[in-house]
Amino acid sequence: MKRVRTYLALITLLIGGCTTPPKKDEPKSPTETTSRAVDYSGLRNHLGLNRSTKNLGFAEASFDTCQQGFNLPQASACEKNFFVVVNFRLQCRHSTGTISQALTSADITPVSNANVKWNLKGVNGLTATDSEGFAQLQTISPVSQKAQRLRLAVGTEFLYIRAGDINRVVTPGTWCD
């Protein structure tokens, strides 16, 4: 009788050990829920943030994530997000160290056609300057980015500036080398 109980216990363990509980549906990541890119241009127009890259500075507008359209990832719950647009101009100066005279246009060269890596609190990306050093970054963030530090990097050179304060940035000459 003892052997029968042992066999039954062993069979129960084997059968129970081979089954697995059904998996819960795991939430899909944004890249899994849509293979299409977010329509930044459409969202920018809808929120009234469409402006020339030469109109320098920071702008953001909040929107509801349940909003339809613009290929936004499907949100599990409606939340307020921020669409951020930052227009800036990168230029470098030929002089080094502290100077006593004001810089003139002859002293400054645009950081032209450069890839610029950027980072704001929790979001990052890549943009490029045009031939005059103008660039634009745009992103969607769960928090306002106006008071956050913006990191801009070209090659090994980088700088930090408060996102709400950026417009024209004059860097050392190494940014143009």
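Model, not experiment: these values are computed from the prediction.

### Looking at the overall build of the chain
Inference 1: Looking only at helices and strands, one finds 3 helices and 9 strands in the chain.
Inference 2: Overall, the chain shows an N-to-C arrangement of helices and strands of α-α-α-β-β-β-β-β-β-β-β-β.
Inference 3: When each of the 177 residues of the chain is scored for burial, the buried share is 31%.
Inference 4: The long-range fraction of contacts in the chain, counting pairs at least 24 apart against all pairs at least 6 apart in sequence, stands at 57%.
Inference 5: Within the structure as shown, the chain displays about 11,800 Å² of accessible surface, and the carbon and sulfur contribution to it stands at 52%.

### Structural notes on the side chain of arginine 44
Inference 1: Looking at the secondary structure, you find arginine 44 in helix α3 (residues 40-46).
Inference 2: Buried and without a salt bridge, arginine 44 has aspartate 39 as its closest oppositely charged side chain, separated by 7.5 Å.
Inference 3: Ignoring any residue separated from it by four or fewer positions in sequence, one finds arginine 44 in contact with Leu49, Asn50, Phe83, Val85, Gln136 and Gln138.

### Quick look at the sheet that holds strand β7 (residues 149-154)
Inference 1: Read from one edge to the other, the open sheet built from 4 strands follows the order β5-β4-β7-β8, with strand pairing classed as antiparallel. The two strands at the open ends of the sheet, each matched to only one other strand, are β5 (123-128) and β8 (157-162). Adjacent strand axes in the sheet meet at a mean angle of 20 degrees, parallel and antiparallel pairs treated alike.
Inference 2: As paired strands, strand β4 (residues 115-120) and β7 are joined by 3 bridges and run antiparallel to one another. Bridging from a neighbouring strand, lysine 117 pairs with alanine 153 of β7.

Parameters at a glance
- Residues numbered from 1 in each chain as written.
- Predicted model: local features only at pLDDT ≥ 70, side-chain atom pairs only at ≥ 80, totals over all residues.
- Heavy atoms only, no water.
- Helix = DSSP H or I, 4+ residues; strand = E, 2+ residues; numbered from the N terminus.
- Buried < 20%, exposed > 50% of the residue type's maximum accessible area, 1.4 Å probe, protein only.
- Contact = heavy atoms within 4.5 Å.
- Areas by Shrake-Rupley, 256 points an atom, 1.4 Å probe, with all protein chains shown as cover.
- Lys, Arg positive; Asp, Glu negative; His and termini not counted.
- Salt bridge = Lys/Arg side-chain N within 4 Å of Asp/Glu carboxyl O.
- Pairing = 2+ DSSP bridges.
- Axes fitted to C-alpha atoms, helices over the stretch in contact; angles between N-to-C directions.

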